[in-house]
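What follows is the residue order along each chain.
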Amino acid sequence: QVATKIGAFDIAYYLMEKDADVNFMEEEIEGTQLRCPILQDAIRTALQSLCYRQFETSEKGVELVRELLLRGADPNKCASNGFDALNVCVSEAERVLDSQGAYPDAQEEAERQLVRLLDILIENGADFKGWALRGHFPEPHPGEQNKVRYLDDFIPQEDCVHEITIRGKTHT
């Protein structure tokens, strides 16, 4: 897990080859330290590295996420704060995208990596529908549903005319 947190991907792959537990999560110790599955650490590394314009590290992090899932990592396993991989992915991307001081090219890459990571997670069993209907924060104060917070602005309303431009062609 430490190898994933610090971006030592060669070590992470070596440990997986030696049958390391891809669903590993630190044991609870006294205090309020966040404990999360290794998959979530890989997602954080893939997105947080963009704050420092470490595009290659981000790319390697995305590939590690894919490999962890292929080896059986559970995308629905929750961290000690109640977040699953989809929550972590969206929250970490939001942090980069909302940062006033972030480099524009890093923000563009964060958008691209967010879409890639969401696709990878959903293709590998992440409960997107459950995530969308759940509050953004864990109980007891979940806040608004994720679909309201992130998706409703992109879903056309019945009585509205919407236009979308794809590759230079406008569709209504």
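Scroll up to find the structure this text is about.
Residues numbered from 1 in each chain as written. Predicted model: local features only at pLDDT ≥ 70, side-chain atom pairs only at ≥ 80, totals over all residues. Heavy atoms only, no water.

A. Structural context of the overall build of the chain. Helix and strand counts for the chain come out as eight helices and two strands. The buried share of the chain, taken over its 172 residues, is 37%. The contacts of the chain with a sequence gap of at least 6 include a subset with a gap of at least 24, amounting to 65%. Accessible surface for the chain amounts to roughly 10,600 Å². Of this, 51% is attributable to carbon and sulfur atoms. (Helix = DSSP H or I, 4+ residues; strand = E, 2+ residues; numbered from the N terminus. Buried < 20%, exposed > 50% of the residue type's maximum accessible area, 1.4 Å probe, protein only. Contact = heavy atoms within 4.5 Å. Areas by Shrake-Rupley, 256 points an atom, 1.4 Å probe, with all protein chains shown as cover.)

B. Layout of the packing of helix α3 (residues 38–48) against helix α4 (residues 55–70). Interaxial distance between α3 and α4 falls to 7 Å at its minimum, and their mutual angle equals 160°. The orientation of α3 relative to α4 falls into the category roughly antiparallel. In the packing of α3 onto α4, the handedness of the crossing is left-handed. Contact residues: I38, L39, A42, I43, T45 and A46 in α3; T57, S58, G61, V62, L64, V65, L68 and L69 in α4. Grouping the amino acids of the contact of α3 with α4 by side-chain chemistry returns ten nonpolar, four polar and no charged. (Axes fitted to C-alpha atoms, helices over the stretch in contact; angles between N-to-C directions. Parallel < 35°, antiparallel > 145°, perpendicular 65-115°, else oblique. Left-handed = near helix turned anticlockwise from the far one by under 90°. Nonpolar A, V, L, I, M, F, W, Y, C, P; charged D, E, K, R; others polar.)

C. Looking closely at the pattern of salt bridges. Tallying each qualifying case throughout the model produces 13 salt bridges. For R71, the salt bridge goes to E67, with nearest N and O atoms at 2.7 Å. Its relative accessible area of 38% is what places R71 among the partly exposed residues. When salt bridges with common partners are traced through the structure, they connect E59, E63, R66, E109, R112 and R116 into a single cluster. (Salt bridge = Lys/Arg side-chain N within 4 Å of Asp/Glu carboxyl O.)

D. Spotlight on the packing of α3 against helix α5 (residues 85–98). Two elements in contact, α3 and α5, have axes separated by 9 Å at closest approach and are oriented at 15°. When the axis of α3 is compared with that of α5, the two are roughly parallel. Seen along the crossing, α3 lies across α5 with a hand that is right-handed. On α5, the residues that touch L39, Q40, I43, R44, L47 and Q48 of α3 are A85, V88, C89, E92, A93, R95 and V96. In terms of residue class, the contact of α3 with α5 is built from eight nonpolar, two polar and three charged.

E. Main features of the packing of aromatic side chains. Throughout the structure, instances matching the rule amount to two aromatic pairs. Measuring from ring centre to ring centre gives 6.0 Å for W131 and Y150, while their planes differ by 20°; the resulting arrangement is stacked. Pair noted here: W131 is in helix α7 (residues 128–133) and Y150 is in helix α8 (residues 146–151), with a separation of 19 residues, a long-range link. No difference in accessibility class separates W131 from Y150, as the two residues are buried. An aromatic cluster of three or more residues is present, and its members are F128, W131 and Y150. The ring of Y103 is capped by R53, whose NZ or CZ atom sits 4.4 Å from the centre of that ring. (Phe/Tyr/Trp six-rings, centres within 6.5 Å; stacked < 30°, edge-to-face > 60°. Lys NZ or Arg CZ within 6 Å of the ring centre and 35° of its normal.)

F. Local environment of the nonpolar core. Judged by nonpolar contacts, the single largest core of 37 residues is most densely connected at L39, I43, V65, L68, L117 and L121. Where this core is concerned, the elements lending two or more residues are α2 (9–17), α3, α4, α5, α6 (104–123) and α7. Ranked by the residues each element gives to this core, the list is headed by α5, at seven residues. (Core = buried A, V, L, I, M, F, W, Y, C linked by side-chain atoms within 4.5 Å.)

G. Structural view of α5. For α5, with 14 residues, the first-to-last C-alpha span of 20 Å sits near the 20 Å given by 1.5 Å per residue. Counted residue by residue, α5 has ten buried out of 14 residues, so it is predominantly covered. Taken together, the buried positions of α5 are occupied by A85, L86, N87, V88, C89, V90, S91, E92, A93 and V96. Buried residues in α5 make contact with α3, α6, α7 and α8. (Expected span 1.5 Å × (residues − 1).)

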